[in-house]
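Topology and contacts: notes
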Amino acid sequence: MIILHKAADLKIHAQKAGNNWKKSGFVPTMGALHDGHLSLLKAAQEKSDLTIASIFVNPSQFNDPEDFKKYPKTIATDIRMLEEAGCDILFLPDVTEMYPHGWQQSEPYDLGGLIDLLEGFYRPGHFQGVCQVVHRLLEIVAPGGIFMGQKDFQQCMVVQRLIAIKNLPVQLHTCPTLREADGLAMSSRNIRLSPKERAKAPAIYREILLIINNLGNTPIRTLEGSAAKNLLEAGFTSVDYVSITTPETLKPLEKWEAGIPAVILVAAFLGDVRLIDNMLV
Ligand code: PAF
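Quick look at the site of the ligand now. The full set of residues close to the ligand is P28, T29, M30, Q61, V133, M148 and Q155. One of the side-chain N or O atoms of Q155 is found 2.7 Å from an oxygen atom in the ligand. Within the complex, 89% of the 290 Å² of free accessible area of the ligand lies under protein. Of the residues that constitute the shell around the ligand, the class distribution is four nonpolar, three polar and no charged.

What follows is the structure, encoded as C-alpha cells:
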C-alpha cells in the first residue's frame, strides 16, 4: 500500500494511473478502523480497479470540541488493517494540507431540509463540516466511486445532495451496516464504551427490532416514545431521538402500512459516548 500525505502526490499517481483512476473506489474515514470500514473497502474492491482510503479526523464536523479531542486514534493498527485488506493507496493528510486557508472559512452548503432534522438538529454545523471535508477530499482524490456506510444514513443523504448540488463526477455507493454478534452497529466510538456501557449498548438494536415488529399495530408516535423510555430504563444516559421517518426526506412518518418504506433512526448517549443506528423497513 502506498501512503501519501500530499494532494499533489495523489494527483501524480492519478495521472500515471490514467483510465484506471476513473474506475477507482474511495473510502473516506476518520480512522479507528473496524470491520465495518473493511467491508466498505471490500465493496470498493469488488466494484473498482483501484482502491483509495483516507484517514483524517476532520475538526470542522465536530460540534462538540470534547468529542473531537476524545475521538479514538489508532493509526498504526489502521495502516496494518488497510495493508492486510489490500488497499492500494492511503491518503493521510494533516490539517494544513486539507485546509490550507483554515477550516473556519467554508462557504455554507445548501442542504435543504436535511440540515434541520435529526443529526442536523442535534449536531449544529456537523453536516456543513462533513460536506466541507468530503467536497475537498473528492476534489483531491477525484475517484469514480465513493463508498460509505448506511449506519450514517443521513450523512449518506447529505453526501448525495453534495454530489448533486456541486455536480461532482462521482457515484455514491451506500453499503450495509455491519453489526457485532449482539446487534450493536460497528462504530469507531464503540471502543470508548466502558464494559458496563458496552453491555447496555445493544438495547438500541433491540428497540429498533421491537419497533419493526409493532409497526402495523401501534401508533407511530407511541412506538417512538416507548423505545426512548425503554432505552433510558436500559441504562442510557439520554436519548436525542427515536424517529420513524420516510427515507426520501427523513420527515416523520404519520402512518405505516405494509409496503410503505420507512427508516427508523436512533441517537442516544451512554455516558458521554453518542451512538447512532438505523434500519430501513
Ligand atoms: O463517516 C465518517 O467517518 C466521516 O464523517 C467522513 C465521511 C470520513 C468525513 O469526515
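The structure having been displayed, the exposition proceeds.
Across soluble globular proteins, nonpolar side chains show a tendency to be buried alongside one another. Within the largest apolar cluster, 45 residues are counted, with the highest numbers of intra-cluster contacts made by L10, W21, M98, V134, I146 and L250. Where this core is concerned, the elements lending two or more residues are α1 (7-17), β3 (50-55), β4 (89-91), α8 (126-141), β5 (145-149), α9 (153-165) and β8 (263-270). With nine residues, α8 is the single largest residue contributor to this core. Every residue in contact with W21, bar those within four places of it in the chain, is listed here: L10, H13, A14, L50, I52, I89, V141, A142, P143 and G144. I204, I220, W256 and I264 belong to the second largest nonpolar core, which has 25 residues in total.

As summarised here, the arrangement of the three strands in space is β7-β8-β9, forming an open sheet in which the pairing is antiparallel. Two strands bound the open sheet, and with one partner strand each, they are β7 (238-245) and β9 (273-280). Going from strand to strand, the sheet's axes swing by 10° on average, the running direction of each strand aside. Where β7 lies against β8, seven bridges are found, and the strand directions are antiparallel. Across the sheet, residue Y241 finds its bridge partner in β8, namely A267. Strands in contact with helix α11 (residues 203-214) are β7, β8 and β9; relative to β9, the strand with the most contacts, it is inclined by about 30°.

Definitions and limits used
Along every chain, residues carry numbers that run from 1 in the direction the sequence is written. At least 70 in pLDDT is required for a residue's local features to be given in this predicted model, at least 80 for side-chain atom pairs to be given and counted, and no such filter applies to totals for whole chains, interfaces and linings, which use all residues. Side-chain figures throughout are based on the complete set of non-hydrogen atoms in the structure, without hydrogens or water. Throughout, the term near means that a residue has one or more heavy atoms lying within 4 Å of the molecule or strand in question. Identification of polar contacts relies on pairs of N or O atoms within 3.5 Å, with a donor-acceptor requirement for protein atoms, meaning one able to donate a hydrogen and the other able to accept it, and with residues adjacent in sequence counted only if both atoms are side-chain atoms. The protein chains shown are the only cover counted for residues, whose accessible areas, like all others here, come from Shrake-Rupley with a 1.4 Å probe. All amino acids are sorted into three groups, where Ala, Val, Leu, Ile, Met, Phe, Trp, Tyr, Cys and Pro are nonpolar, Asp, Glu, Lys and Arg are charged, and the leftover types, Gly among them, are polar. Note on terminology: a nonpolar core comprises buried Ala, Val, Leu, Ile, Met, Phe, Trp, Tyr and Cys residues joined through side-chain atoms within 4.5 Å. Working definition: with a 1.4 Å probe on protein chains only, accessible area under 20% of the residue-type maximum means buried, over 50% means exposed, and in between means partly exposed. Starting at the N terminus, helices and strands are each numbered in turn, a helix being any DSSP run of H or I of at least four residues and a strand any DSSP run of E of at least two. Only heavy atoms matter for contacts: two residues are in contact if any of them lie within 4.5 Å across the pair. Any two strands between which DSSP finds at least two bridges are classified as paired. Between the N-to-C directions of two axes lies an angle of 0 to 180 degrees, each axis being a line fitted to C-alpha atoms and, for a helix, fitted only over the stretch in contact.

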